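Take a look at the letters that make up each chain.
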Amino acid sequence: MSVDTAAAVAERFKELYGAEPEGVWAAPGRVNLIGEHTDYNDGFVMPFALPHTAVAAVSRRTDGVLRLHSADIDGDAGGVVELRVDDLAPESDRNWTAYPSGVVWALRQAGHAVTGADIHLASTVPAGAGLSSSAALEVVVALALNDLYDLGLKGWQLARLCQRAENVYVGAPVGIMDQTASACCEAGHALFLDTRDLSQKQIPFDLAAEGMRLLVVDTQVKHSHSEGEYGKRRAGCEKGAALLGVGALRDVAYDELDAALDRLGDDEEVRRLVRHIVTEDQRVEQVVALLESGDTRAIGPVLTAGHASLRDDFRISCPELDLVVDTALANGALGARMTGGGFGGSAIVLAEAADVETVTKSVEEAFAAAGFTAPRVFEAVPAAGARRVR
Ligand code: GLA
């Protein structure tokens, strides 16, 4: 995010609200390298931050009023939405404003005296692309209010509050990965996160130095209808944990998987969900070990195995995501997988720098031949987590 963007967002704030904002903050979207749907099973994930950010210009208010505006609604022609902090109530809002106001609600619920704010938001994180545009909105507002109201909360605490805003206020049963990624990632690193206790390790991830690239392929298939399916997967995992007598599927060790599957008998659906989660946690640990030992190219097949598991066991892929993965692999990619919640959104492709052009072209051609909407392909380099920019 450039200095110019921060200045432009501050300028727009001034036009809207008649005074300079007290500050401007940015929070990124993310891609997940490996560890999908493990975060609500107390498992491991490994996201990194994108250069795309949600930016917020914010000032405090003391009169209980919350004013919200987004440059991304109606081409910046949408009006200012005015709410009262006392009136904020879970699941009362089905619009974009539920994300920022949910954060204000969650902070107040946690006992923080947030007495209002003027907020103007502008985001470059593509919406509906599985790149955590909602988490970026939540985290940027949480960080701004944390700073302005001097709340002293750490990144992981802000992430927890944002997750609560999304679970309870917005009503989406998501895990903790996206908010933690947006709040805690560091440039040049992937974040190895244990979602049980939120312990973190920053793993250096500099593909360019080793002659590789990571591409994000946004299939342009919006995943907005996925919420019901997401909840079903989550409920199925919880059923599996209950049947196995463990607190969460994370507690099933990889070498106990066969015995656990035997104990699940003929409940084929739960068996598939359990198999995905247990093998996926193992894949995250494998990727961490490979990166730490400098064997970066060897993560490719692990990523690809993760895709097969999401497609065949967890059953959340779609023809467009499968086409990206199959085409990329057939054209020299080292590994590829869908990333994020599934049912659309984006895939990631690990490739030698020299193969990027061929891989990109082949995916674009395959989409055209299949009659799919053209995908949006860009290179992702691990960027910084949430921060104050002005
Ligand atoms: C969405 C959710 C996350 C996580 C991923 C799947 O992005 O918001 O909490 O469950 O799906 O890994």
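Note that this is a predicted model, so its numbers are computed, not measured.

Quick notes on the rules
Residues numbered from 1 in each chain as written. Predicted model: local features only at pLDDT ≥ 70, side-chain atom pairs only at ≥ 80, totals over all residues. Heavy atoms only, no water. Helix = DSSP H or I, 4+ residues; strand = E, 2+ residues; numbered from the N terminus. Buried < 20%, exposed > 50% of the residue type's maximum accessible area, 1.4 Å probe, protein only. Contact = heavy atoms within 4.5 Å. Pairing = 2+ DSSP bridges. 1 Å grid on protein atoms, 1.4 Å probe; cavity = no way out; pocket = protein on both sides within 12 Å on 5 of 7 lines; lining within 4 Å. Points joined across faces, edges and corners; volume = space filled by probe spheres on them. Nonpolar A, V, L, I, M, F, W, Y, C, P; charged D, E, K, R; others polar. Domains from an automatic or database assignment. Buried area = accessible area lost by both parts, 1.4 Å probe. Polar contact = N/O pair within 3.5 Å; in protein donor to acceptor, adjacent residues only side chain to side chain. Phe/Tyr/Trp six-rings, centres within 6.5 Å; stacked < 30°, edge-to-face > 60°. Core = buried A, V, L, I, M, F, W, Y, C linked by side-chain atoms within 4.5 Å. Axes fitted to C-alpha atoms, helices over the stretch in contact; angles between N-to-C directions. Near = heavy atom within 4 Å. Areas by Shrake-Rupley, 256 points an atom, 1.4 Å probe, with all protein chains shown as cover. Sits in = over half its atoms within 2 Å of the grid points. Parallel < 35°, antiparallel > 145°, perpendicular 65-115°, else oblique. Left-handed = near helix turned anticlockwise from the far one by under 90°.

Q: Help me understand the environment of F44 in this model?
A: When you line up the elements, F44 lands in strand β2 (residues 44-45). Accessibility expressed as a relative area gives 10% for F44, which makes it buried. Along the primary structure F44 and E238 are separated by 194 residues, whereas in three dimensions their C-alpha atoms are 16 Å apart. Leave out the neighbours within four places in its chain, and F44 touches G35, T38, F192, L193, D194, R250, D281, V284 and E285.

Q: Whenever I open this one, the pairing of strand β4 (residues 65-70) confuses me. Can you help?
A: Regular strands place their side chains on alternate faces of the sheet. In terms of burial, β4 is a largely internal element, five of the six residues being buried. When β4 meets strand β6 (residues 117-123), the two strands line up parallel, connected through five bridges. Pairing of S70 across the sheet is with L121, part of β6.

Q: Sorry, what's going on with the layout of surface pockets here?
A: The computed volume of the largest pocket comes to approximately 1,100 Å³. Forming the walls of the largest pocket are 46 residues, and the residues nearest its centre are Y99, S133, S134, E166 and H223. Counting only elements with at least two residues in the lining of the largest pocket, the list comes to α2 (98-109), α3 (133-148), α4 (155-170), α5 (177-184) and α6 (227-244). It is α3 that provides the largest number of residues to the lining of the largest pocket, a total of four residues. In the lining of the largest pocket, the residues fall into 18 nonpolar, 18 polar and ten charged. Here the lining of the largest pocket gathers at least three residues from each of two domains, domain 1 (3-202 + 384-388) and domain 2 (207-379).

Q: Would you take a moment to explain the domain arrangement of the protein for this structure?
A: A common way to state how big an interface is: give the accessible area lost once the parts meet. According to the domain assignment, the protein contains domain 1 (3-202 + 384-388) and domain 2 (207-379). Taken over C-alpha atoms, the centre of domain 1 sits 26 Å from the centre of domain 2. Across the boundary between the two partners, domain 1 contributes 33 residues, which contact 43 residues of domain 2. Of the roughly 3,100 Å² buried between domain 1 and domain 2 on both sides combined, carbon and sulfur atoms contribute 62%. Across the contact surface, domain 1 and domain 2 share 20 residue pairs in polar contact (both at pLDDT 80 or more). When contributions to the side of domain 1 that touches domain 2 are tallied by element, the ones reaching two or more residues are β1 (23-32), β2, β3 (47-60) and β7 (189-194). When the residues that make up the side of domain 1 that touches domain 2 are grouped by side-chain class, the tally is 16 nonpolar, ten polar and seven charged.

Q: Got a minute to help me understand the packing of aromatic side chains in this structure?
A: Aromatic ring pairs are described here by two measures, namely the spacing of the ring centres and the angle between the planes. Counted by the stated rule, this structure contains six aromatic pairs. With a centroid separation of 5.5 Å and an interplanar angle of 75°, the aromatic rings of F367 and F372 are classed as edge-to-face. Accessibility expressed as a relative area gives 25% for F372, which makes it partly exposed.

Q: What am I meant to see in the nonpolar core here?
A: Most often, soluble globular proteins have nonpolar side chains that are buried together. Residues L33, M46, V58, L145, F205, L214 and I299 are the most contacted members of the largest nonpolar core, which totals 83 residues. Formed jointly, this core draws a minimum of three residues from each of two domains, domain 1 (3-202 + 384-388) and domain 2 (207-379). Here V58 is in contact with F13, P21, E22, G23, W25, A117, D118, I119, A144, L145 and L148, once residues within four sequence places are set aside. L244, A328, V363 and F367 belong to the second-largest nonpolar core, a separate cluster that totals 38 residues.

Q: For this particular structure, what's the right way to read the sheet that holds strand β5 (residues 81-84)?
A: What holds strands together in a sheet is hydrogen bonding between their backbones, with the strands either parallel or antiparallel. Taken together, the six strands give an open sheet; going across it, the order is β5-β4-β6-β3-β1-β13, and neighbouring strands pair in mixed fashion. Unpaired on one side and paired on the other, β5 and β13 (387-388) mark the two borders of the sheet. By the bridge criterion, four bridges tie β4 to β5 in an arrangement that is antiparallel. Within β5, the residue paired with V65 across the bridge is R84. Sitting on the sheet, α2 is in contact with β4, β5 and β6, with an inclination near 150° to β4.

Q: Teacher, can you tell me more about the site of the ligand here?
A: For the ligand, the full set of nearby residues is R30, E36, H37, D39, Y40, V174, G175, M177, D178, Y230, G340 and G341. At 2.5 Å from an oxygen atom of the ligand is found a side-chain nitrogen or oxygen belonging to D39. Y230 has a polar side-chain atom sitting 2.6 Å from an oxygen atom of the ligand. Within the complex, 93% of the 310 Å² of free accessible area of the ligand lies under protein. Taken atom by atom, the bulk of the ligand overlaps the largest pocket. Each of domain 1 (3-202 + 384-388) and domain 2 (207-379) accounts for three or more of the residues forming the shell around the ligand.

Q: In this structure, what is going on with the packing of helix α9 (residues 299-312) against helix α10 (residues 319-330)? I would like to understand it.
A: Think of two packed helices as two axes; the pair is described by the angle between the axes and how far apart they sit. Closest axis-to-axis distance for the α9/α10 pair is 11 Å, and the angle between their directions is 150°. Viewed along their axes, α9 and α10 adopt a mutual orientation that is roughly antiparallel. In this structure, α9 crosses over α10, and the sense of that crossing is left-handed. Together, T304, H307 and R311 of α9 and L321, D322, V325 and L329 of α10 make up the contact between the two elements. Along the lines of polarity and charge, the residues of the contact of α9 with α10 split into three nonpolar, two polar and two charged.

Q: Is there a simple way to think about the pairing of strand β11 (residues 346-352) in this case?
A: For β11, the buried fraction is high: six of the seven residues fall into the buried class. Bridge analysis of strand β10 (residues 335-339) against β11 gives five bridges, and the strand direction is antiparallel. When the bridges of β11 are listed, A336 appears paired with V349.

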